[in-house]
Amino acid sequence: MRYVLIDRFLELERGERARAVKCVTRGEPFVGDAYPSALVLEALLQTGGVLARSGSGFKSMSVLGKVERATFPAEAHPGDKIELDVRATMSRPEGTLCEGVATVEGKIVGEAEFLIVFLPAELAPPPDPDVAEHRRNLMQALAIPLEEV
Amino acid sequence: MAYVFVDKILECEPGRRVVAVKALAFNEEFFRDHFPGMPVLPGAMVLEGFVQAARHCLAACEGAHDRWVLHAVENMRFNRFATPGEVVHLEADLDGEEEGAVWFKGRAKVEGRGVCRLRFAVRKQDDGRD
Amino acid sequence: MDDQEIFTKVQKCVADALGRDEDEVQMDKALQRDLEAESIDYLDITFQLEKVFGITIEKDELFPQKIFQDEAFVRDGVVTEQGLNFLKEKLPFADLADFHEDPKVTRVPDLFTVGLLCNYVKMKLSSA
């Protein structure tokens, strides 16, 4: 399986709030009738990662620092469109604290509070123009508004 | 079969403890995206590995008919990245039950060194849809 | 805000960030040595303190990373005179007397106790 768990961004208020969608389909290789909730969490984390990086012009790489808490009161199923809504509650140069909720037609399938941290330059991989281009193409495909990347 | 995050069960005390293993291969597709040029095991996949291990632990004592799903996570923290070429051990120990949710304390390690720690809960999901 | 109130609030911040019981978080406990804090926790604690006390903590103001990164501050595992001055300047709210006795760089994290956090908060609130 690939690992881009967002399909499109609907709204990006830099460093403040991001809304995106993720469709659940049999076309993805999960077993059973329900989408694994751990991947609903990942969709929220990825949305939060873009939100956190948007606050500083997408200059740093971000990784997950910590999940403070998360709950999954219901499941998503094939054919559902998950709406992801993530807000940055606190931001610092080192990282961003986010709160997000995932819903299907208004029903909550996941909620999480998590910390996204920016990878210090010495831990990030060396800059690679192919990777940078891939990233730009991906962000354009997801309708993430780019100023410069 | 795709989307299985547990390769082998090393230890299982039904309803109490389970130790599972997931080996990491560069060839796995998700590494291409996470991240390009720096393949590391995503935290959410560690979590799913724990859920699958917990299912195994509970199915061993409850009988085969309950479907357990992820209910909640608390304080999931990461010490270091796990990377292709490593074998991740997922250890989960029962840590209480409340209102139908069964809690575990989980520790993911590579060669004894901590990768991730968390508390997580699973609940029985009846399939009359939510 | 009096010292007891500061301590109670700091205690809750640290307990929440580290996922521990509040009674484990006492004044003399060092975050790393006694409470098993890791690098991500320093960021989390910083966020909690900012939120609870309404203060702004500048980068490296509370947990200065430079002590471990600057070659002039550490030689053969021991903090140099320059390093000691740096610590004194950056952590005016810390009690460095004990550290001076045996200034190994591995002992620097032991300075970061719950008590130090309380002193820091008190200093920030009184200068606000």
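The present account deals with the structure reproduced in this document. Nothing here was measured: the structure is a model prediction, and the numbers come from that model.

Conventions and cut-offs
- Residues numbered from 1 in each chain as written.
- Chains lettered and ligands numbered in written order.
- Predicted model: local features only at pLDDT ≥ 70, side-chain atom pairs only at ≥ 80, totals over all residues.
- Helix = DSSP H or I, 4+ residues; strand = E, 2+ residues; numbered from the N terminus.
- Rg over C-alpha atoms; globule rule 2.2 N^0.38 Å.
- Buried ≥ 20, exposed ≤ 12 C-beta atoms within 10 Å, placed from the backbone.
- Contact = placed C-beta atoms within 7 Å.
- Pairing = 2+ DSSP bridges.
- Axes fitted to C-alpha atoms, helices over the stretch in contact; angles between N-to-C directions.
- Nonpolar A, V, L, I, M, F, W, Y, C, P; charged D, E, K, R; others polar.
- Parallel < 35°, antiparallel > 145°, perpendicular 65-115°, else oblique.
- Left-handed = near helix turned anticlockwise from the far one by under 90°.
- Expected span 1.5 Å × (residues − 1).
- Core = buried A, V, L, I, M, F, W, Y, C linked by C-beta atoms within 7 Å.

## Quick look at the overall build of chain B
- A count of helical and extended segments in chain B gives 2 helices and 6 strands.
- When the helices and strands of chain B are listed from N to C terminus, the series reads β-β-α-α-β-β-β-β.
- The C-alpha radius of gyration computed for chain B amounts to 15 Å, which stays within 12% of the reference 14 Å derived for 130 residues, consistent with globular compactness.
- Overall size of chain B, expressed as C-alpha extent along the three principal axes, is 45 × 30 × 25 Å.
- For chain B, the residues scored as buried account for 35% of the 130 residues in total.
- In chain B, of all internal contacts separated by at least 6 residues, the share reaching a separation of at least 24 is 65%.

## Some words on the sheet that holds strand β1 (residues 8-13) of chain A
- The strand order β1(A)-β2(A)-β4(A)-β5(A)-β6(A)-β3(A)-β3(B)-β6(B)-β5(B)-β4(B)-β2(B)-β1(B) describes an open sheet built from 12 strands, whose pairing is antiparallel. Looking at strand neighbours, the two that pair on one side only are β1 of chain A together with β1 (8-13) of chain B, the edges of this open sheet. Averaged over all neighbouring strand pairs, the angle between strand axes comes to 25°, with direction disregarded.
- Of the pairings in the sheet, the one linking strand β4 (residues 81-92) of chain A to strand β5 (residues 95-104) of chain A comprises 9 bridges and is antiparallel in character. Looking across to β5 of chain A, one finds that Ala88 of chain A is bridged to Cys98 of chain A.
- Against the sheet, helix α1 (residues 37-54) of chain A engages β1, β2 (17-23), β3 (62-71), β4, β5 and β6 (107-118) of chain A together with β3 (68-78) of chain B, with an angle of about 45° to β6 of chain A.
- The sheet strands contacting helix α2 (residues 39-53) of chain C are β3, β4, β5 and β6 of chain A together with β3 of chain B, and the helix crosses β6 of chain A at an angle near 110°.

## Quick look at the interface of chain B and chain A
- Across the boundary between the two partners, chain B contributes 29 residues, which contact 29 residues of chain A.
- Among the elements of the structure, α1 (30-33), α2 (43-62) and β3 of chain B are those that each provide at least two residues to the side of chain B that touches chain A.
- With 10 residues, β3 of chain B is the largest single contributor of residues to the side of chain B that touches chain A.
- Per-class residue counts for the side of chain B that touches chain A are 16 nonpolar, 6 polar and 7 charged.

## Focus: the packing of helix α1 (residues 3-18) of chain C against α2 of chain C
Residue and element names in this part refer to chain C.
- Viewed as axis vectors pointing N to C, α1 and α2 meet at an angle of 140°, and their least axial separation amounts to 9 Å. On the basis of their axis angle, the class for α1 and α2 is oblique. Crossing of α1 over α2 shows right-handed handedness. Each of Lys9, Cys13, Val14, Asp16, Ala17 and Leu18 in α1 lies in contact with α2, whose residues at this interface are Asp41, Asp44, Ile45, Gln48, Leu49, Val52 and Phe53.
- Looking at side-chain class alone, the contact of α1 with α2 contains 8 nonpolar, 1 polar and 4 charged residues.

## Quick notes on unusual backbone geometry
- Geometrically, the link from His34 of chain B to Phe35 of chain B is a cis peptide bond, its omega value of -5° lying close to zero.
- Relative to the elements of secondary structure, Phe35 of chain B occurs in the loop between α1 and α2.
- Despite not being glycine, Ala143 of chain A has its phi angle at roughly 65°, a positive value.
- Topologically, Ala143 of chain A is positioned in the segment after α2 (129-141).
- Judged by the 15 C-beta atoms lying within 10 Å of it, Ala143 of chain A falls in the partly exposed class.
- The phi angle at Asn75 of chain B is positive, at roughly 50°, despite the residue not being glycine.
- Here Asn75 of chain B is to be found in strand β3.
- For Asn75 of chain B, a count of 18 C-beta atoms within 10 Å puts it in the partly exposed group.

## Thoughts on the interface of chain A and chain C
- On the chain C side, the residues contacting the 10 residues of chain A number 8 residues.
- Elements supplying a minimum of two residues to the side of chain A that touches chain C: β3, β4, β5 and β6 of chain A.
- Classifying every residue of the side of chain A that touches chain C by side-chain character gives 5 nonpolar, 2 polar and 3 charged.

## As for α2 of chain C
- Here α2 of chain C contains 15 residues, and its C-alpha end-to-end distance of 22 Å stays within 8% of the 21 Å for a straight helix at 1.5 Å per residue.
- Along α2 of chain C, the positions that sit buried rather than exposed are Asp41, Asp44, Ile45, Thr46, Phe47, Gln48, Leu49 and Phe53 of chain C.
- Residues of α2 of chain C that are buried make contact with β3, β4, β5 and β6 of chain A together with α1 and α6 (114-127) of chain C.
- Of the residues flanking the end of α2 of chain C, it is Gly54 of chain C, one or two places downstream, whose phi is positive at about 65°.

## Topic: the packing of α1 of chain C against α6 of chain C
Residue and element names in this part refer to chain C.
- Contact pair α1 / α6: the axes reach a minimum separation of 10 Å and the direction vectors enclose 120°. The angle between the axes of α1 and α6 places the two elements in the oblique class. For the pair α1 and α6, the crossing hand works out as right-handed. Taken together, the residues of α6 that come into contact with α1 (itself represented by Ile6, Phe7, Val10, Gln11 and Val14) are Val114, Leu117, Cys118, Val121 and Lys122.
- A class-by-class count of the residues in the contact of α1 with α6 yields 8 nonpolar, 1 polar and 1 charged.

## Points about the nonpolar core
- Residues Val40 and Leu41 of chain A together with Leu47 and Ala54 of chain B are the most contacted members of the largest nonpolar core, which totals 75 residues.
- The residues contacting Leu47 of chain B, other than those within four sequence positions of it, are Ala38 and Leu41 of chain A together with Val73, Met76 and Phe120 of chain B.
- Membership of the second largest hydrophobic core comes to 20 residues, among which are Val14, Val25, Leu49 and Val114 of chain C.

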